[in-house]
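# Examining the three-dimensional arrangement
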Amino acid sequence: MGKNNRYYFETAPVGRAIAHFSVPTMTGMLVLILYNLVDTFFIGLLEDYNMLAGVALAMPLFTINMGIGVFFGTGCGSYISRLLGKKDSEGVRRTSAYAFYGCLAVGAIGTVAGFALLEPILKVLGASGETLAPTRQYASILIGGSIPCILSYAMGQIVRAEGAARASMTGSIIGTVSNIILDPICIFLLGWGVAGAAIATVGANCLAVGYYLHYQLRKSESLSVRPRDFTWDKEIFRATSAIGLPVFLLELIALATSLTLNNIAAGYGAVYVAIYGVIFKLGMLPKALSNGLCQGVQPLMGYTYAAKKADRLKETVRRTGLYGTGIATVFAVLLFAAGGHGLRLFNSDPAFLLAGVPLLRISLVSYLTLGVTFTATGLFQAVGKAGPSLAMSVVQGAVFIPLAWATSGLLGLQGFAWAWPAADAVAMLLGIALYVRHRRQIYAEATPAVQ
């Protein structure tokens, strides 16, 4: 670990350290939003709704790849930050190598299984009729590119865990900019259509992985992808899985939540599917900034916890919660005041706006919970508390999915609209309760033993 990173981990003012770690991560989150929209935008220019539907139907495969990357990236990254705090350089090398080769192995297994089960997978995704061919094209290429897609996200997390937030952001930007450049070339210039969009996505991830490999091999003092550093270690498996599994489940639950939202909204008419699609997109920005703040600060929390710097950890947690809440609240106030102007960016139809504005304003209540929820989740992940981390990962979906169906059936559209903020409020209250319950133990463990 370089002197610059050590300064921000150990001695920089807390506010400056939070900015150092979080601003690049927040930027990377915003880039990720753009990344998720690029394929849809360029395919939309073809004015073929079947191709557009094919991309949408195949996206769960991308989500699963990202979930695997999150499993290794967040799980191993959390452990690496704590090992750095303990000055265990050998453990860092072995854990980072475990993450790299673990991604390779799981990605290879997923690729073989994906091609073997391609037709059943397409049925589960909902592809049929005229959407079947484009979905098969896009899905096949995503399956074939599973390894670079998984590695790209995982390695970005691992690099950030070392404290190299700017390098992590650079890799993310390389992937997104490459995708933006490759999409029109592959889709239009080469005439590959929906297959071109998938090839551009996989190619962009390959370039990002190339950058991360260059960083770890040439610039990093702690991380390793060398085969000699890879060993099967039960302690590494236990420590990384305890945090990686909850965040992997979080990705799957987010997918199930999105499917639930779309299915229920469709029962009220296509306009409501479109409205909630727009509301979801508007909410991506404050969520990305709040979550990026908390994820960026995770290495700092993990390091200070392991380095026995309890006061620095307390101040980091306090400020992160305040900053995250402040960011999301500002967006909530602005969108509430803007009324239909935010929706009008996507659709200016009067009926769309009339139905959408009340639903948008109800959804804004969720923004007020983001800072606390993300901070609590980030703290438990950073210090390796598997139980609370798992609880925070599953609570929102576990509450929203049954509540959405119940309120829709009993109270109609208005009841359904309140299910989302109600589930987020429950998640926030659980985060507060778990923090109150575990804070003494966490800060006691972060306090040096009396000699």
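Note that this is a predicted model, so its numbers are computed, not measured.

## Here's the deal with the overall build of the protein chain
A count of helical and extended segments in the protein chain gives 16 helices and zero strands. Relative to a compact globule of 451 residues, whose C-alpha radius of gyration would be 22 Å, the protein chain shows 22 Å and is just as compact. Dimensions along the principal axes, computed over C-alpha positions, put the protein chain at roughly 70 × 45 × 35 Å. Residue pairs at least 24 apart in sequence account for 82% of intrachain contacts in the protein chain once pairs closer than 6 positions are excluded. Approximately 19100 Å² of the protein chain is accessible, and the part contributed by carbon and sulfur atoms is 67%. Here the protein chain holds 32 positive side-chain charges and 20 negative ones, and the gap between their average locations is 10 Å.

## Topic: the packing of aromatic side chains
Summed over the entire model, instances satisfying the criterion amount to 11 aromatic pairs. Connected via pairs of aromatic rings, a cluster forms that spans F71, F72, Y98, W232 and F237. A cation over an aromatic ring shows up here: K314 above the ring of Y443, its NZ or CZ 5.3 Å from the ring centre. Of note, R361 hangs over the ring of F336, and the distance from its end group to the ring centre comes to 4.6 Å.

## Remarks on a nonpolar patch on the surface
A cluster of nonpolar residues, V177, I181, I185, L189, L190, W192 and I199, forms a patch on the protein surface that exposes about 640 Å² of accessible area. The element that contributes the greatest number of residues to the nonpolar patch is helix α8 (residues 165-189), accounting for four residues.

## Details of unusual backbone geometry
With glycine set apart, most residues show a phi of negative sign, and most peptide bonds adopt trans. Located in the positive-phi region is K87, a residue other than glycine, with phi close to 65°. You can see K87 is positioned in the loop between α3 (49-85) and α4 (89-116). If you check the backbone angles, K308 has positive phi at about 65° while not being a glycine. The residue K308 is located in the loop between α11 (270-306) and α12 (310-338) in this model.

## Description of the side chain of T320
Along the chain, T320 falls in helix α12. Those residues in contact with T320 that sit more than four places away from it in its chain are I18, L293, C294, V297, M301 and T375.

## Digging into helix α6 (residues 132-144)
In this model α6 runs 18 Å from its N-terminal to its C-terminal C-alpha over 13 residues, within 8% of the 18 Å that 1.5 Å per residue would give. Where α6 is concerned, the buried positions are P134, T135, Y138, A139, S140, L142 and I143.

## A short note on helix α5 (residues 118-125)
Turning to α5, its buried residues number three or more, namely L118, L122 and L125. One side of α5 carries all its buried residues, which in axial view fall inside an arc of 60°. Opposite its buried face, α5 presents the exposed residues K123 and V124, each directed more than 90 degrees away. Looking one or two residues beyond α5, the residue adopting positive phi is G126, at roughly 95°.

## Digging into the nonpolar core
Core analysis: the largest hydrophobic core is formed by 59 residues, its most contacted members being L313 and I442. Looking at which element gives the most residues to this core, the answer is α3, with eight residues. Core analysis: the second largest hydrophobic core is formed by 33 residues, L353, I362, L413 and W420 among them.

## Brief notes about the packing of helix α15 (residues 370-383) against helix α16 (residues 386-445)
Interhelical geometry of α15 versus α16 gives an angle of 45° and a closest axis separation of 8 Å. Here α15 is positioned oblique relative to α16, judged by the angle of their axes. Classified by chirality, the crossing of α16 by α15 is left-handed. On α16, the residues that touch V372, T373, A376, T377, L379, F380, Q381 and V383 of α15 are P388, S389, M392, D424, A427, M428, G431, I432, L434, Y435, H438 and I442.

## Thoughts on the pattern of salt bridges
Counted according to the given criterion, the structure contains seven salt bridges. Residue E235 is joined to R238 by a salt bridge in which the shortest nitrogen-to-oxygen separation is 2.8 Å. Taken together, the residues E235 and R238, both in helix α10 (residues 234-266) and three residues apart, mark about one turn of the helix. R319 is paired through a salt bridge with E315; the nearest N and O atoms lie 2.8 Å apart. With a gap of four residues between them, R319 and E315 both fall in helix α12, about one helical turn apart. Overall, the relative accessible area of 27% leaves R319 in the partly exposed class.

## A look at the confidence of the model for the protein chain
Any region with low pLDDT has predicted coordinates that should not be read closely. Averaged over every residue, the pLDDT of the protein chain is 84; the share at 70 or more is 93%. Per-element confidence in the protein chain is highest for α4, whose mean pLDDT is 93, and lowest for helix α1 (residues 3-10), whose mean pLDDT is 73.

What counts as what
- Residues numbered from 1 in each chain as written.
- Predicted model: local features only at pLDDT ≥ 70, side-chain atom pairs only at ≥ 80, totals over all residues.
- Heavy atoms only, no water.
- Helix = DSSP H or I, 4+ residues; strand = E, 2+ residues; numbered from the N terminus.
- Rg over C-alpha atoms; globule rule 2.2 N^0.38 Å.
- Contact = heavy atoms within 4.5 Å.
- Areas by Shrake-Rupley, 256 points an atom, 1.4 Å probe, with all protein chains shown as cover.
- Lys, Arg positive; Asp, Glu negative; His and termini not counted.
- Charge placed at Lys NZ, Arg CZ, Asp CG, Glu CD.
- Phe/Tyr/Trp six-rings, centres within 6.5 Å; stacked < 30°, edge-to-face > 60°.
- Lys NZ or Arg CZ within 6 Å of the ring centre and 35° of its normal.
- Patch = residues over 30% accessible without salt bridge, like charges linked within 9 Å, V, L, I, M, F, W, Y side chains within 5 Å.
- Salt bridge = Lys/Arg side-chain N within 4 Å of Asp/Glu carboxyl O.
- Expected span 1.5 Å × (residues − 1).
- Buried < 20%, exposed > 50% of the residue type's maximum accessible area, 1.4 Å probe, protein only.
- Arc of directions from axis to C-beta.
- Core = buried A, V, L, I, M, F, W, Y, C linked by side-chain atoms within 4.5 Å.
- Axes fitted to C-alpha atoms, helices over the stretch in contact; angles between N-to-C directions.
- Parallel < 35°, antiparallel > 145°, perpendicular 65-115°, else oblique.
- Left-handed = near helix turned anticlockwise from the far one by under 90°.
- pLDDT = per-residue confidence, 0-100.

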